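# Residue-level structural notes
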Amino acid sequence: MSERVFNFNPGPSTLPVEVLKQAAADVVEFNHCGMGVLEVSHRSPEFMAVAENTEALIRELMGVPDDYKVLFLQGGASSQFAMVPLNLVGPGKKATYLNTGTWAKKAIKEAKMIADVQVAYSSEETSFDHVPTVNDYQVDGDSEYLYLVSNNTIYGTQFPEFPGHPTLVADMSSDILSRTLDVSRFGIIFAGAQKNMGTAGVTVVIIRNDLINRAPENLPTMFRYKTHADKGSMFNTPPCFSIHVLGLTMRWLKERGGVAAMEATNRKKAAVLYQAIDATDFYRGHARNGSRSLMNVTFNLPTPELEARFIKEAAAVNLKGIKGHRSIGGCRASIYNAFPGEGIDRLVEFMAGFEKKHG
Ligand SMILES: *Cc1c(COP(=O)(O)O)cnc(C)c1O
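On a predicted model such as this, the values are computed, not experimentally measured, just so you know. (Residues numbered from 1 in each chain as written. Predicted model: local features only at pLDDT ≥ 70, side-chain atom pairs only at ≥ 80, totals over all residues. Heavy atoms only, no water.)

Helix and strand content of the chain: nine helices and 14 strands. Computed over C-alpha atoms, the radius of gyration of the chain comes to 21 Å, within 12% of the 21 Å expected from 2.2 N^0.38 for 359 residues, which places it in the range of a compact globule. Here the chain holds 359 residues, and 54% of them are scored as buried. For the chain, long-range pairs separated by at least 24 residues make up 64% of all intrachain contacts whose partners lie at least 6 apart in sequence. (Helix = DSSP H or I, 4+ residues; strand = E, 2+ residues; numbered from the N terminus. Rg over C-alpha atoms; globule rule 2.2 N^0.38 Å. Buried < 20%, exposed > 50% of the residue type's maximum accessible area, 1.4 Å probe, protein only. Contact = heavy atoms within 4.5 Å.)

Dropping the structure here:
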């Protein structure tokens with residue numbers, strides 16, 4: 001095998017090597033049952049235990065209250081952009097969105113097909129370099145829910161705290177389980193697993209019970225939260241392997257002290273990198289202070305040519321996936337839970353050397 005690189009990709013992204021090894025072994029033989037985890041029936045006791053344990057670990061790690069369901073759905077986080085309004089608002093009803101980047105825009109586009117959408121705030125004019133505070137916008141009183149993206153994966157901004165709303169909906173695809181939070185302040189939290197939780201194929205939806213049965217009568221079966229909630233996410237064949245990898249990652253997280261311990265590590269990791277960026281004029285952070293993401297650190301060099309060279313030379317020393325999203329260019333280091341601190345030290349060292357050569 002070739003040497004394992006430091007993988008800064010935004011998603012799919014790096015996973016703990018212990019998780020990868022266990023998942024690989026389980027593909028061939030799972031739990032001494034004479035077959036692999038890809039082959040067992042989703043209704044077998046072996047797989048039911050996987051799904052139950054995975055859900056229990058998420059509940060424990062995030063402190064999910066009893067009046068919330070945890071669902072394992074397919075279609076990616078992107079399907080939730082439509083499922084949320086389809087289930088929560090009837091025709092002519094209003095929903096409020098905070099436009100803080102590409103993923104929020106995509107959600108707004110879907111919601112507009114279904115609901116009367118109020119965009120209460122947008123940071124588009126400044127290239128989405130910040131998120132709003134509660135004083136920056138107002139939510140109409142007759143709005144069914146307030147929707148935000150807790151971490152803006154592409155722009156590298158993150159809500160340091162959350163507004164209050166009776167039905168707060170959050171896309172946490174790129175920062176779920178990276179910091180402690182009070183689930184009871186949310187109506188729905190959803191996240192594709194492939195960034196901070198596991199592998200592509202499963203989307204976790206945490207939904208308060210009173211929101212499950214709001215959908216109009218004519219909403220087709222598969223798009224109703226109730227369908228999946230009533231059947232423990234086993235209405236149809238669930239993404240078994242993705243749920244298994246999610247469970248293994250949850251176990252890994254728990255063994256490392258849980259979300260609070262992860263948050264402390266994430267804060268340290270991000271601080272080291274932001275310090276390196278702030279130390280010189282050669283590197284410039286994209287996100288404003290107060291909005292900086294702990295998960296995706298975005299920065300620029302003096303010219304696009306230098307950026308291209310930086311990305312290429314970094315890759316040559318096994319610092320891979322550091323190219324920024326095509327919509328903003330520059331560089332982005334995605335440093336999720338499973339990204340090791342050692343990789344940050346290596347990047348910071350590389351940055352200093354690169355500046356010396358080209359600065
Ligand atoms: C990646 C991402 C998505 C899209 O996730 P898919 O599972 O690919 O649909 C949505 N929201 C955020 C914040 C993301 O980072």
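Overall, the coordinates contain 18 aromatic pairs when judged by the stated rule. Linked through ring pairs, F81, Y97, W103, Y145, Y147 and F190 together constitute an aromatic cluster. (Phe/Tyr/Trp six-rings, centres within 6.5 Å; stacked < 30°, edge-to-face > 60°.)

A separate point is the sheet that holds strand β14 (residues 331-334). Across the sheet, which stays open at both edges, the three strands sit in the order β11-β12-β14 with antiparallel pairing between neighbours. Every interior strand has two partners, whereas the edge strands, β11 (284-285) and β14, have only one. Pairing between β11 and strand β12 (residues 296-300): two bridges, direction antiparallel. Paired with R284 across the strands is N300, a residue of β12. (Pairing = 2+ DSSP bridges.)

A sheet is described by the order of its strands in space; here seven strands give the open sequence β2-β10-β9-β8-β5-β3-β4, paired in mixed fashion. Each of the sheet's edge strands pairs with one partner strand only, and the pair in question is β2 (68-73) and β4 (116-122). Recorded for the sheet is a direction-independent mean angle of 20° between the axes of neighbouring strands. When strand β8 (residues 168-171) meets strand β9 (residues 188-192), the two strands line up parallel, connected through three bridges. By the bridge assignment, A170 is partnered in β9 with I189. Packed on one face of the sheet, helix α3 (residues 76-88) meets β2, β3 (94-99), β5 (143-149), β8, β9 and β10 (203-208) and runs near 155° to β9. (Axes fitted to C-alpha atoms, helices over the stretch in contact; angles between N-to-C directions.)

Here we take up empty space enclosed by the protein. Applying the stated criterion to the full structure yields one cavity of 30 Å³ or more. Estimates place the volume of the largest cavity at around 50 Å³. Along its surface, the largest cavity is lined by T14, L15, P16, K195, N196, M197, G198, T249, W252, Y336, N337 and A338. Looking at the lining of the largest cavity residue by residue, the class counts come to six nonpolar, five polar and one charged. (1 Å grid on protein atoms, 1.4 Å probe; cavity = no way out; pocket = protein on both sides within 12 Å on 5 of 7 lines; lining within 4 Å. Points joined across faces, edges and corners; volume = space filled by probe spheres on them. Nonpolar A, V, L, I, M, F, W, Y, C, P; charged D, E, K, R; others polar.)

Right, let's talk about the packing of helix α2 (residues 45-62) against helix α6 (residues 240-255) for a bit. Following both chains from N to C, one finds α2 and α6 inclined at 40°, their axes separated by 9 Å at the closest point. Taken together, α2 and α6 sit at an angle that is classed as oblique. As for the relative orientation of α2 and α6, their crossing is left-handed in sense. Side by side, α2 and α6 meet where F47, V50, A51, T54, L57, I58, E60 and L61 of the first sit next to C240, I243, H244, L246, G247, M250, R251, L253 and K254 of the second. For the contact of α2 with α6, the residue count by class is eleven nonpolar, three polar and three charged. (Parallel < 35°, antiparallel > 145°, perpendicular 65-115°, else oblique. Left-handed = near helix turned anticlockwise from the far one by under 90°.)

As for its position among the elements, H244 is in helix α6. The sequence separation of H244 and I114 amounts to 130 residues, and the corresponding C-alpha distance is 34 Å.

Taken together, 13 residues lie around the ligand, and S78, T153, D171, Q194 and K195 are the ones closest in. Here an oxygen atom of the ligand and a backbone polar atom of A77 are 2.9 Å apart. Within the side chain of D171, a nitrogen or oxygen atom sits 2.6 Å from a nitrogen atom of the ligand. A total of four residues in the shell around the ligand trace back to one element, the largest contributor, which is α3. (Near = heavy atom within 4 Å. Polar contact = N/O pair within 3.5 Å; in protein donor to acceptor, adjacent residues only side chain to side chain.)

Between α3 and helix α4 (residues 102-112), whose axes approach to 8 Å, the crossing angle comes to 40°. The orientation of α3 relative to α4 falls into the category oblique. The two elements α3 and α4 meet at a crossing, and its hand is right-handed. Along its contact with α3, which presents S78, F81, A82 and P85, the element α4 presents W103, K106, A107, E110 and A111. When the residues that make up the contact of α3 with α4 are grouped by side-chain class, the tally is six nonpolar, one polar and two charged.

Size of an interface, as often reported, equals the accessible area lost when the parts are brought together. Domain annotation for the chain reports domain 1 (25-255) and domain 2 (257-358). Computed over C-alpha atoms only, the centres of domain 1 and domain 2 are separated by 27 Å. If you look at the interface, domain 1 gives 28 residues, while domain 2 gives 26 residues. Buried area between domain 1 and domain 2, both sides added, is near 2,200 Å², and the carbon and sulfur share of it is 53%. At the level of elements, β7 (157-158) and α6 are the ones that each hand at least two residues to the side of domain 1 that touches domain 2. (Domains from an automatic or database assignment. Buried area = accessible area lost by both parts, 1.4 Å probe.)

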